[in-house]
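# Fold and geometry: a report
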Amino acid sequence: MGSDQPVDDRQLLGLLKQASGDLGARAWVVGGYVRDHLLGRAQPDLDVVVEEGGAGRLAERFARLAGAGPPVTFERYGTAQVTLPGHLVEFVSARSESYAPESRKPDVRPATLEEDLRRRDFTVNTLLMDFDGNIHDRLGTAKADLEARVLRTPADPLQTFNDDPLRMLRAVRFAAQLGFALAPNLVPAMRQLSGRLASPVVSVERTADELRKMLVSERPRLALELLDAGGLLEVVLPDLAACKGVEQGGYHTHDVFGHTLLALGLTPADLVVRLAAVFHDVGKPSTATPDGAFTGHEEVGARITRAALERLRFSQKEIDAVVVLVRLHLRPVYYRSEWSDGAVRRLARDAGAQIERLMALARADVGASAYPEPEKLDELAARLATVLSERPTRLAPPVDGEDIMRARGIPPGPEVGRIKERLGELILDGEIEPSREAVLAYLQSHPDF
Ligand code: ATP
Ligand code: MG
């Protein structure tokens, strides 16, 4: 061991068996790995629960046998992590938890295995696997719940969710990832406790992390429906919640919220596109007029989107990409065959690296209404492909500020930028050839330009 070769699951269990045998430790694989293994969904990360406070020692022994670096330990929670090529193995001493009302950080004390399993979020996350691969259902209902594909809390959901409100989002996220139903008492408990989801009890980072996982799951639309049913949408995505009941005419068949859900369901599993689908019409509630025009909703929506994603601490890169999509979302939808090549190039230039995603968003947006000519988008896609493959490209001027200053004999200043911009437009429209020589010649022959 000790190479960078990925370690396979059989080797992992073998090492765990050896390490726990050496120490006489009683330990099991627990949680998501076991659940996903039984569902035929491989996952690389593995949690090991250790009886009698032995997590740290077992982690060290395991790390040594596996040739990994020393474990990273979190004393307060009795956990220790070992990183192997392709895997994160987390060791946790069996524990019980009690919660102060204003925090989801528990006071932790050592406990029996059964107590440890009962403080977990859902029964399907309490299954154990020993290091020979046998499954153990200590709470007695976990296997049946897994087979019935139900998320059920081991304790009363009011207690489970009150102790750690993040579990409400985990319920929605697992439902979206796994296609499991929520036990009937979960949504009423959520409605009662949705207010506990606010910061500081649950950090925005954890909230955003769950939202991210919901959105890239196989069932993003279901996730939003469940958030709405549980009264969580108002807390997590208040700008989307504001779209509920906002009626719209034209080719629309649903209110803004219903349309957004439909559009989201038609997007590819790309976080940026899905965030853009969620936010694309959030500018509508505040721009609605009696004639149903929503003028400027894309600009207003872009601002709302930026503020919302900054509050959720998404990365600047993700925020910028999503905001571009929200701002431009109408452009492909308004495409007409009469558009000049310059207009098509202008769209390609404005969307830049987001052009593919913008088209994916437009297809979802159009598909989620009764828009009569969805095939127009195929025509636009073909024309975009053509202008994007032009060599030399017409999307960026082949001269820089220095060239312009020299050709014009002018000093640095805003005029340089203005000239460059106008040259760019003429190149886009095919009026000047996209070469440095042609542009400099144009400047020569148009001294007043
Ligand atoms: P994933 O596929 O996202 O890794 P997971 O079930 O493994 O799902 P983790 O967050 O990795 O979830 O946690 C591992 C296990 O720890 C869970 O299966 C569950 O038993 C328990 N657990 C994690 N977070 C919580 C929580 N907030 N409340 C209760 N139990 C939790
Ligand atoms: Mg996990």
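Predicted model, so just to flag it, every value in this text is computed and none were measured.

Now for the packing of aromatic side chains. Counted according to the given criterion, the structure contains five aromatic pairs. Ring centres 6.1 Å apart and planes at 85° place the aromatic pair Phe 122 and Phe 174 in the edge-to-face group. Here the residue Phe 122 occupies a position in the loop between helix H4 (113-118) and strand S8 (128-129), and Phe 174 occupies one in helix H7 (residues 166-178), the gap between them amounting to 52 residues. Considering the side-chain rings of Tyr 335 and Trp 339, the 5.1 Å spacing of their centres and the 75° angle between planes classify their relative orientation as edge-to-face. When its relative accessible area of 1% is taken as the criterion, Tyr 335 is described as buried. Directly above the ring of Phe 294 sits Lys 284, whose terminal nitrogen or CZ lies 4.9 Å from the centroid. Between the NZ or CZ atom of Arg 422 and the centre of the ring of Phe 449, over which it lies, the distance is 4.6 Å.

This part takes up the site of ligand 1. Near ligand 1 lie 14 residues; those nearest to it are Arg 35, Asp 164, Arg 167, Arg 170 and Arg 173. At a separation of 3.0 Å, an oxygen atom of ligand 1 approaches a polar backbone atom of Asn 125. In the complex, 78% of the free accessible area of ligand 1, which totals 580 Å², lies under the protein chains. Secondary structure elements with two or more residues in the shell around ligand 1: helix H2 (32-38) and H7. If you tally residues by element for the shell around ligand 1, the top one is H7, at four residues. Here the residues of the shell around ligand 1 sort into one nonpolar, four polar and nine charged. Residue contributions to the shell around ligand 1 reach at least three from each of two domains, namely domain 1 (1-145) and domain 2 (149-236).

Each domain of the protein was delimited in the assignment, giving domain 1 (1-145), domain 2 (149-236), domain 3 (259-388) and domain 4 (401-445). Computed over C-alpha atoms only, the centres of domain 1 and domain 4 are separated by 64 Å.

What follows concerns the pattern of salt bridges. This model, assessed by the stated rule, comprises 40 salt bridges. As a salt-bridge pair, Arg 138 and Glu 114 come within 2.9 Å of each other at their nearest N and O atoms. Of this pair, Arg 138 sits in the loop between strand S9 (135-136) and helix H5 (142-148) while Glu 114 sits in helix H4; the two residues are 24 residues apart in sequence, bridging distant segments of the chain. On the accessibility criterion, Glu 114 (27% relative accessible area) is partly exposed. Between Glu 425 and Arg 346 there is a salt bridge, with its nearest N and O atoms 2.8 Å apart. Of this pair, Glu 425 sits in helix H23 (residues 414-428) while Arg 346 sits in helix H19 (residues 341-351), placing them 79 residues apart in sequence. By relative accessible area, which is 24% here, Glu 425 ends up partly exposed. One connected set of salt bridges, linked through shared partners, spans Arg 95, Glu 97, Asp 116, Arg 119, Arg 120, Asp 164 and Arg 167.

A cis geometry characterises the amide bond from Ser 199 onward to Pro 200, with omega recorded as 10°. Secondary-structure assignment places Pro 200 in the loop between helix H8 (186-193) and helix H9 (204-215). Here the residue pair Arg 391 and Pro 392 is connected by a cis peptide bond, since its omega of -5° sits within 30 degrees of zero. Positive phi, close to 55°, is recorded for Glu 52, a residue that is not glycine. You can see Glu 52 is positioned in the loop between strand S2 (46-50) and helix H3 (55-66). Note on Glu 52: relative accessible area 69%, which makes it exposed.

So, about H8. Buried within H8 are the following residues: Leu 186, Ala 189, Met 190 and Leu 193. Viewed end-on, H8 has its buried residues packed into an arc of 105°, placing them on one side of the element. Away from its buried face by more than 90 degrees, H8 exposes Arg 191 and Gln 192. Buried residues along H8 sit in contact with strand S10 (150-151), helix H6 (157-163), H7 and strand S11 (181-182).

In this structure, Val 48, Phe 62, Phe 91, Leu 224, Leu 237 and Phe 279 are the most contacted members of the largest nonpolar core, which totals 111 residues. For this core, the leading source of residues is H7, giving nine residues. Residue contacts for Phe 279: discarding those within four places in its chain leaves Leu 237, Asp 239, Thr 305, Ala 308, Leu 309 and Val 326. Residues Ile 404, Val 416, Leu 426 and Leu 443 belong to the second largest nonpolar core, which totals 13 residues.

Here we come to H19. Owing to its 3.6 residues per turn, the α-helix brings residues three or four apart onto one side. Among the residues of H19, Gly 342, Val 344, Arg 345, Leu 347, Ala 348 and Ala 351 are the ones counted as buried. Looking at the packing, one finds that the buried side of H19 touches helix H17 (316-328), helix H18 (330-333), helix H20 (355-367), helix H21 (376-388) and H23.

Here the focus is the side chain of Asp 281. Within the secondary structure, Asp 281 is located in the loop between helix H14 (271-279) and helix H15 (284-287). Overall, Asp 281 belongs to the buried group, its relative accessible area being 2%. A polar atom in the side chain of Asp 281 sits 3.3 Å from the side chain of His 329. Ignoring sequence-local partners within four residues, the contact set of Asp 281 consists of Cys 243, Val 256, His 259, Thr 260, His 297 and His 329.

Quick look at the sheet that holds S2 now. Read across the sheet, seven strands follow the order S3-S4-S5-S2-S1-S8-S9 without closing on themselves; strand pairing throughout is mixed. Two strands in the sheet have a free side with no partner beyond their single neighbour: strand S3 (72-74) and S9. As paired strands, strand S4 (residues 79-84) and strand S5 (residues 87-93) are joined by six bridges and run antiparallel to one another. Note that in S5 the partner of Thr 79 across the bridge is Val 92. In the packing of helix H1 (residues 9-23) onto the sheet, contacts are made with strand S1 (27-30), S2, S4, S5 and S8, and the angle to S5 comes to roughly 30°.

Analysis parameters
- Residues numbered from 1 in each chain as written.
- Chains lettered and ligands numbered in written order.
- Predicted model: local features only at pLDDT ≥ 70, side-chain atom pairs only at ≥ 80, totals over all residues.
- Heavy atoms only, no water.
- Phe/Tyr/Trp six-rings, centres within 6.5 Å; stacked < 30°, edge-to-face > 60°.
- Helix = DSSP H or I, 4+ residues; strand = E, 2+ residues; numbered from the N terminus.
- Buried < 20%, exposed > 50% of the residue type's maximum accessible area, 1.4 Å probe, protein only.
- Lys NZ or Arg CZ within 6 Å of the ring centre and 35° of its normal.
- Near = heavy atom within 4 Å.
- Polar contact = N/O pair within 3.5 Å; in protein donor to acceptor, adjacent residues only side chain to side chain.
- Areas by Shrake-Rupley, 256 points an atom, 1.4 Å probe, with all protein chains shown as cover.
- Nonpolar A, V, L, I, M, F, W, Y, C, P; charged D, E, K, R; others polar.
- Domains from an automatic or database assignment.
- Salt bridge = Lys/Arg side-chain N within 4 Å of Asp/Glu carboxyl O.
- Arc of directions from axis to C-beta.
- Contact = heavy atoms within 4.5 Å.
- Core = buried A, V, L, I, M, F, W, Y, C linked by side-chain atoms within 4.5 Å.
- Pairing = 2+ DSSP bridges.
- Axes fitted to C-alpha atoms, helices over the stretch in contact; angles between N-to-C directions.

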